[in-house]
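Architecture at a glance
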Amino acid sequence: QVQLVESGGGLVQAGGSLRLSCATSDSTFTNYHMGWFRQAPGKDREFVARIRWGTGGTYYAGSVKDRFTISRDNAKNTVYLQMNSLKPEDTATYYCVAGGGPLEIQQYVDYWGQGTQVTVSS
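The sections below set out a description of the structure shown in this document. Treat the numbers as computed from the prediction; the structure is a model and nothing was measured.

Thresholds, definitions, all that
Residues numbered from 1 in each chain as written. Predicted model: local features only at pLDDT ≥ 70, side-chain atom pairs only at ≥ 80, totals over all residues. Heavy atoms only, no water. Helix = DSSP H or I, 4+ residues; strand = E, 2+ residues; numbered from the N terminus. Rg over C-alpha atoms; globule rule 2.2 N^0.38 Å. Buried < 20%, exposed > 50% of the residue type's maximum accessible area, 1.4 Å probe, protein only. Core = buried A, V, L, I, M, F, W, Y, C linked by side-chain atoms within 4.5 Å. Contact = heavy atoms within 4.5 Å. Pairing = 2+ DSSP bridges. Axes fitted to C-alpha atoms, helices over the stretch in contact; angles between N-to-C directions.

**Focus on the overall build of the protein**
In terms of regular secondary structure, the protein is built from zero helices and 11 strands. Listed by position from the N terminus, the elements making up the protein come as β-β-β-β-β-β-β-β-β-β-β. In summary, the protein has a C-alpha radius of gyration of 13 Å against a globular reference of 14 Å for 122 residues, a match within 12%. Principal-axis analysis of the C-alpha atoms gives the protein an extent of 40 × 25 × 25 Å. Each of the 122 residues in the protein was classed as buried or not, and the buried ones make up 46%.

Here is the structure:
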């Protein structure tokens, strides 16, 4: 069982930045694709970004592309989500995910973190 622990959420003004972190103690971390989903109140959970374990290739939702950057540090078993130019519509609970397939498709997510709240004020 892979445990994912997110941190770094908080309250920020529109236009500001936050960096989310997701740490796992699992030694097989480097075998998983990693990513982030988010869920705003009253809305479905949606894909945000993912990074492949081997090539490090990244993929983003259109709503965050060019503003968010996903990265991973395999030595620290940690994945990051750098969020810049934040907008009020980015307000959501952000979930770290891991899995063996294309994580932009939710069915391929094998593990979920508990989530961290991001609130962007206007």
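**Some thoughts on the nonpolar core**
In terms of nonpolar packing, the biggest core is built from 35 residues, with M34, W36, L81, M83 and Y94 touching the most fellow members. The element best represented in this core is strand 9 (residues 92-99), accounting for five residues. Once you skip the residues sitting within four places of it in the chain, L81 turns out to touch L18, R19, L20, W36, V48, A49, F68, T69, I70 and Y94.

**Here we look at the sheet that holds strand 7 (residues 68-73)**
Read from one edge to the other, the open sheet built from four strands follows the order 1-3-8-7, with strand pairing classed as antiparallel. Every other strand in the sheet has two partners, leaving strand 1 (5-7) and strand 7 as the edge strands with one partner each. Between one strand axis and the next, the sheet turns through 15 degrees on average, direction left out of account. Note: strand 3 (residues 18-23) against strand 8 (residues 78-83), six bridges, orientation antiparallel. By the bridge assignment for strand 8, R19 is matched with Q82.

**Concerning unusual backbone geometry**
Even without a glycine there, the phi angle at N77 is positive, about 55 degrees. Relative to the assigned elements, N77 resides in the loop between strand 7 and strand 8. With phi around 50 degrees, S85 is a residue other than glycine that occupies positive phi space. In this structure, S85 sits in the loop between strand 8 and strand 9. Take S85: its relative accessible area is 41%, and that puts it in the partly exposed class.

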